[in-house]
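Understanding the architecture of this molecule
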Amino acid sequence: MGILDAQCWARDPKDRGKRERRKRLPIEQKESQKWLRSFRKVAEIQKVCPKTKLISIGDRESDIYDLFLEATRDPNGPGLLVRMNRRGTQSP
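So, a few notes on the structure that sits alongside this text. (Residues numbered from 1 in each chain as written. Predicted model: local features only at pLDDT ≥ 70, side-chain atom pairs only at ≥ 80, totals over all residues. Heavy atoms only, no water.)

Residues Ile 55, Ile 57 and Leu 81 make up a contiguous nonpolar surface patch of about 300 Å² in total accessible area. Note that Ile 55 resides in strand S1 (residues 55–58). Ile 55 gets classed as partly exposed once you look at its relative accessible area, which sits at 45%. (Patch = residues over 30% accessible without salt bridge, like charges linked within 9 Å, V, L, I, M, F, W, Y side chains within 5 Å. Areas by Shrake-Rupley, 256 points an atom, 1.4 Å probe, with all protein chains shown as cover. Salt bridge = Lys/Arg side-chain N within 4 Å of Asp/Glu carboxyl O. Helix = DSSP H or I, 4+ residues; strand = E, 2+ residues; numbered from the N terminus. Buried < 20%, exposed > 50% of the residue type's maximum accessible area, 1.4 Å probe, protein only.)

Printed below as a string of structure tokens:
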């Protein structure tokens, strides 16, 4: 077990409250790009270590279509584990 890629990131305080503008940006200009960048780094290492199954792990912010699409492109690529947040009714 180990870490192949870790990114420290914080939103610029000047960008607070610009949610609507961010929704219209292409994925290359969004904060979400960090998840794709990290998955691609793990995929590079997976090619070098074909007998070891690597897993890219993300928090609930990594629940983005482009990342899931990227993860399904190569059947021999790394796995993807995304933490989820259950919304809706709460169980007792």
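For the rest of this paragraph, the subject is the pairing of S1. The side-chain alternation of S1 yields one buried face, formed by Ser 56 and Gly 58, and one unburied face, formed by Ile 55 and Ile 57. Relative to strand S2 (residues 79–82), S1 runs parallel, the two being bridged by four bridges. Counted as the bridge partner of Ile 55 is Gly 79 from S2. You can see the chain leave S1, run along helix H3 (residues 65–72) and come back into S2, and the turn it takes is right-handed. (Pairing = 2+ DSSP bridges. Right-handed = clockwise from strand over helix to strand, strands pointing away.)

The next thing to look at is the environment of Ser 56. Along the polypeptide, Ser 56 turns up in strand S1. Here the alpha-carbon distance between Ser 56 and Ala 71, two residues 15 residues apart in the chain, equals 9.3 Å.

On to the packing of helix H2 (residues 33–48) against H3. One can describe the packing of H2 onto H3 by two numbers: an axis separation of 9 Å at closest approach and a directional angle of 15°. For the element pair H2 / H3, the angle class is roughly parallel. Of the two elements, H2 crosses H3, and the hand of that crossing is right-handed. Listed contacts from H3 to Trp 35, Leu 36, Phe 39 and Arg 40 of H2 are Asp 66, Leu 67, Glu 70 and Ala 71. Across the contact of H2 with H3, the residue classes break down as five nonpolar, no polar and three charged. (Axes fitted to C-alpha atoms, helices over the stretch in contact; angles between N-to-C directions. Parallel < 35°, antiparallel > 145°, perpendicular 65-115°, else oblique. Left-handed = near helix turned anticlockwise from the far one by under 90°. Contact = heavy atoms within 4.5 Å. Nonpolar A, V, L, I, M, F, W, Y, C, P; charged D, E, K, R; others polar.)

Listed in full, the buried residues belonging to H3 are Leu 67, Glu 70 and Ala 71. Buried positions in H3, seen along its axis, are confined to an arc of 100° and lie on one side of it. Residues of H3 that are exposed and point more than 90 degrees away from the buried face comprise Tyr 65 and Thr 72. Lining the buried residues of H3 we find H2 and S2. (Arc of directions from axis to C-beta.)

Right, let's talk about the nonpolar core for a bit. Counting residues in hydrophobic clusters, the biggest one holds seven residues: Ile 27, Trp 35, Leu 36, Phe 39, Ile 64, Leu 67 and Ala 71. Secondary-structure elements contributing two or more residues to this core are H2 and H3. With three residues, H2 is the largest single contributor of residues to this core. Beyond its immediate sequence surroundings of up to four residues, Ala 71 is in contact with Phe 39 and Leu 80. (Core = buried A, V, L, I, M, F, W, Y, C linked by side-chain atoms within 4.5 Å.)

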